[in-house]
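Each chain, written out:
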Amino acid sequence: MNEVPSLRRTIGSIFLHGLVVALALVFLTPLGFALITSFNRYLPSAPDFSWLPWPPHWRNYVDAWTARPFPLYLLNTIVITELAVVGTVLSSSLVAYGFARFRFPGRNILFGLLVATMLLPGQVTMIPLFMIWRQLGAVNTIFPLIVPAFLGASAFNIFLMRQFYMSLPRSLDEAAMLDGCSPFGIWARILLPLSKPSLITVGLFAFTAAWEDFMGPLIYLQDPNNYTVSVGLQLFNDEYGNSNLNLLLAASLLHILPVVVLFFFAQRYFVQGIATSGLKD
Amino acid sequence: MPRIRSESLWGYIFISPWLIGFLGLIAGPMLASLYLSLTNYDLKHADFVGAANYQRLYADPLFWKALINTVLYTALAVPLGLTGSLLLAVLLNQELRLKGVWRACFYIPTLVPAVAASFLWGYVYNREYGLLNQVIGAAGIPKQGWLETTHWALPALVMMSLWTIGGGRMIIFLAGLQNIPTSLYEAAAIDGAGRWRQFWHVTLPMLSPVIFFNMILGAIGAFQVFTQAFLITKGGPDDATLFYALYLFRMAFEQFKFGYASALAWVLFVILAGLTALQFYLARHWVHYEGERK
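Residues numbered from 1 in each chain as written. Chains lettered and ligands numbered in written order. Predicted model: local features only at pLDDT ≥ 70, side-chain atom pairs only at ≥ 80, totals over all residues.

With that settled, the discussion passes to the overall build of chain A. Counting its secondary structure elements, chain A contains 13 helices and zero strands. Ordered by position from the N terminus, the helices and strands of chain A form the series α-α-α-α-α-α-α-α-α-α-α-α-α. For 281 residues, the compact-globule estimate of 2.2 N^0.38 gives 19 Å, and chain A exceeds it by more than 25% at 24 Å. Overall size of chain A, expressed as C-alpha extent along the three principal axes, is 80 × 75 × 35 Å. Scored against the burial criterion, the 281 residues of chain A give a buried share of 42%. Taking the contacts inside chain A whose residues are at least 6 apart along the sequence as the reference set, 76% of them involve residues at least 24 apart. (Helix = DSSP H or I, 4+ residues; strand = E, 2+ residues; numbered from the N terminus. Rg over C-alpha atoms; globule rule 2.2 N^0.38 Å. Buried ≥ 20, exposed ≤ 12 C-beta atoms within 10 Å, placed from the backbone. Contact = placed C-beta atoms within 7 Å.)

This brings us to the interface of chain B and chain A. Listed per partner, the contact involves 72 residues of chain B and 71 residues of chain A. Within the residue set of the side of chain B that touches chain A, elements represented by two or more residues are α1 (2-36), α4 (99-111), α5 (114-124), α8 (168-179), α10 (195-223), α11 (227-233), α12 (244-254) and α13 (258-286) of chain B. Considering each element in turn, the side of chain B that touches chain A owes the most residues, 19 residues, to α1 of chain B. Residues that form the side of chain B that touches chain A fall into these classes: 55 nonpolar, 13 polar and four charged. (Nonpolar A, V, L, I, M, F, W, Y, C, P; charged D, E, K, R; others polar.)

The next subject is helix α7 (residues 155-167) of chain A. With 13 residues, α7 of chain A extends 19 Å between its outermost C-alpha atoms, agreeing within 8% with the 18 Å of an ideal straight helix rising 1.5 Å per residue. If you check which residues of α7 of chain A are buried, you get Ala-155, Asn-157, Ile-158, Phe-159, Leu-160, Met-161, Arg-162, Phe-164 and Tyr-165 of chain A. (Expected span 1.5 Å × (residues − 1).)

In this section: the environment of Phe-207 of chain A. All names here are of chain A. As for its placement among the helices and strands, Phe-207 is situated in helix α10 (residues 196-212). Residue Phe-207 is classed as buried on the basis of its C-beta count, with 20 C-beta atoms lying within 10 Å. Between the C-alpha atoms of Phe-207 and Pro-128, which are 79 residues apart in sequence, the distance is 26 Å. Residue contacts for Phe-207: discarding those within four places in its chain leaves Thr-81, Val-85 and Leu-262.

The omega angle of the peptide bond from Gly-236 of chain B to Pro-237 of chain B is -10°, so this bond is cis rather than trans. Among the secondary structure elements, Pro-237 of chain B is positioned in the loop between α11 and α12. With a phi angle near 75°, Asn-140 of chain A is a residue other than glycine that sits in the positive phi range. Among the structural elements, Asn-140 of chain A can be located in the loop between α5 (123-135) and α6 (143-150). The backbone of Phe-256 of chain B sits at a positive phi, close to 55°, despite the residue not being glycine.

All names here are of chain A. The topology assignment puts Leu-145 in helix α6. Note: C-alpha distance between Leu-145 and Val-202 (57 residues apart in sequence) is 17 Å. Setting aside residues no more than four positions away along its own chain, Leu-145 makes contact with Ile-80, Gly-216, Pro-217 and Tyr-220.

Turning to the environment of Leu-57 of chain B, a few remarks are in order. Residue and element names in this part refer to chain B. For Leu-57, the location among the structural elements is in helix α2 (residues 52-58). Here Leu-57 falls in the partly exposed class, since 19 other C-beta atoms lie within 10 Å of it. Separated by 39 residues in sequence, Leu-57 and Trp-18 place their C-alpha atoms 35 Å apart. When sequence neighbours within four positions are dropped, the list of residues in contact with Leu-57 reads Phe-63, Ala-263, Leu-264 and Val-267.

Residues and elements named next belong to chain A. Assigned domains of chain A: these are domain 1 (3-58) and domain 2 (60-278). Inter-centroid distance (C-alpha atoms) of domain 1 to domain 2 is 33 Å. Taken together, the contact pairs 11 residues of domain 1 with 10 residues of domain 2. A per-class count over the side of domain 1 that touches domain 2 returns seven nonpolar, four polar and no charged. (Domains from an automatic or database assignment.)

To continue, consider the confidence of the model for chain B. All names here are of chain B. Averaged over every residue, the pLDDT of chain B is 91; residues scoring 70 or more account for 97%. Within chain B, no element has a lower average pLDDT than helix α6 (residues 131-138), which sits at 88, and none a higher one than helix α3 (residues 61-92), at 96. Predicted complex, confidence summary: ipTM 0.87, pTM 0.90. (pLDDT = per-residue confidence, 0-100.)

Turning to the packing of helix α3 (residues 70-101) of chain A against α7 of chain A, a few remarks are in order. Helix packing geometry: the angle between the two helix axes and the distance between the axes. Residues and elements named next belong to chain A. Packing of α3 against α7 leaves a shortest axis separation of 8 Å and a crossing angle of 50°. Comparing the axis directions of α3 and α7 gives the class oblique. Taken as a pair, α3 and α7 cross one another with a handedness that is right-handed. When α3 is examined against α7, the residues Thr-88, Ser-92, Ser-93, Val-95, Ala-96, Tyr-97, Phe-99, Ala-100 and Arg-101 are found in contact with a partner set consisting of Asn-157, Ile-158, Met-161, Arg-162, Tyr-165 and Met-166. Tallied by class, the residues present in the contact of α3 with α7 amount to nine nonpolar, four polar and two charged. (Axes fitted to C-alpha atoms, helices over the stretch in contact; angles between N-to-C directions. Parallel < 35°, antiparallel > 145°, perpendicular 65-115°, else oblique. Left-handed = near helix turned anticlockwise from the far one by under 90°.)

In structure tokens:
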């Protein structure tokens, strides 16, 4: 009696694992295919595409690094990303603290507006913002790309931080207040150290958003010397067309690598952050 | 009394970065864009033209083309993506070894920056060397120009969007699945419900708030599809992938017709607001919140 279900379960389990492995392979195939291609010789000149390029054609990576000012694009991206991360983490935790811990007239309406901005398509503000930055002479600088981060532009991250602060007991604040801590001190010395996991989550989201941002740099960085990687990658494509596929793919993989490495170190925070965003409680 | 005043003051101080950003980067520009849409602003002119842009837009075949393409893309990508994410979450919610590894495998495509993903998929669809043509070639099917034929280009971009079904949406579904109390399944089993009926009558209703959340954000995101079309198909062939956001971008930043582009932006805003309101209205009939009440 007992053996039949357990045999059925074993077969079911094997089937399930087979399905997951097959699906995982399908999902990773485009990346693997690009990786293999990036180690092949130039496609049109190579006699045939090899699934196992041996010896690997490392030159593509050297060329990708040097054919365009790739290190410059990388540097520009790193500067913008770092500042955007600092700005987002600072502003979202400050603003979230304000919404979570203080009562003031209009708070609920303002918080409702904040949530509503998550649904606002960026196109509606894109043109006037461009005109404003142009008036300020800030086109071709990093300001249009980083100032919004310091002004709490990512409502989602504020929302995330607020949820976290709401879960911390108010008795912490009250105890600190009795010890003479100012509201600012409570934030800096009590809540910030406690919210490390949430801050990391927000920092990760800010990092990936800034790292892969395309529309922003496309609009505001018109001088090729200011390009970020996401905008600079196009140049690999346009100038050489198809003949440069290997280089384009090598450069694209270099663009992907930092995000994937970061993910592996911080997987836990990514998953927690996303999971809490979709579930109220 | 002074205490309360000072509490409000501190509150305003702490939210001031966002408040300044909201006024200067969102509310102000929104009003400015509404005004711009009533002008013919294009770096040379700046005259008030009333509703002329909106009239022109109504008669603009490319506007309709872009709108239809975008609606079609959204109508395909959102339901397919939601179903895919949900099925993947159900799969990962089973008893599996190395769960973290599989979850990471499905999540990695989401980490690929949109620009790199566009080039990767442009290559997958490449007529000569692309993976897809190699795979179907092995099955004896002749090579297709996936991105070069009008009837394949849009579905190809929809398929590309499904690459990220293992991303945030799936994680949210997974968390939602884990929040469903097992007692509900036990009760359903006692009532004689098989796994299929349990899925329809327990899992889906309990998950409906999360499905709704993903649907709202998914539709808004899909409606703004841009990067893939901008980089790999350039809106072509024959405007088959001319999406709304791409048309708007071209009007604004390639042709500098800021007035006309602002009208496009406001129409987009109204469409998305209407779509979202409609979804909230319909949600009353299928989203169940009982499970969330504490």
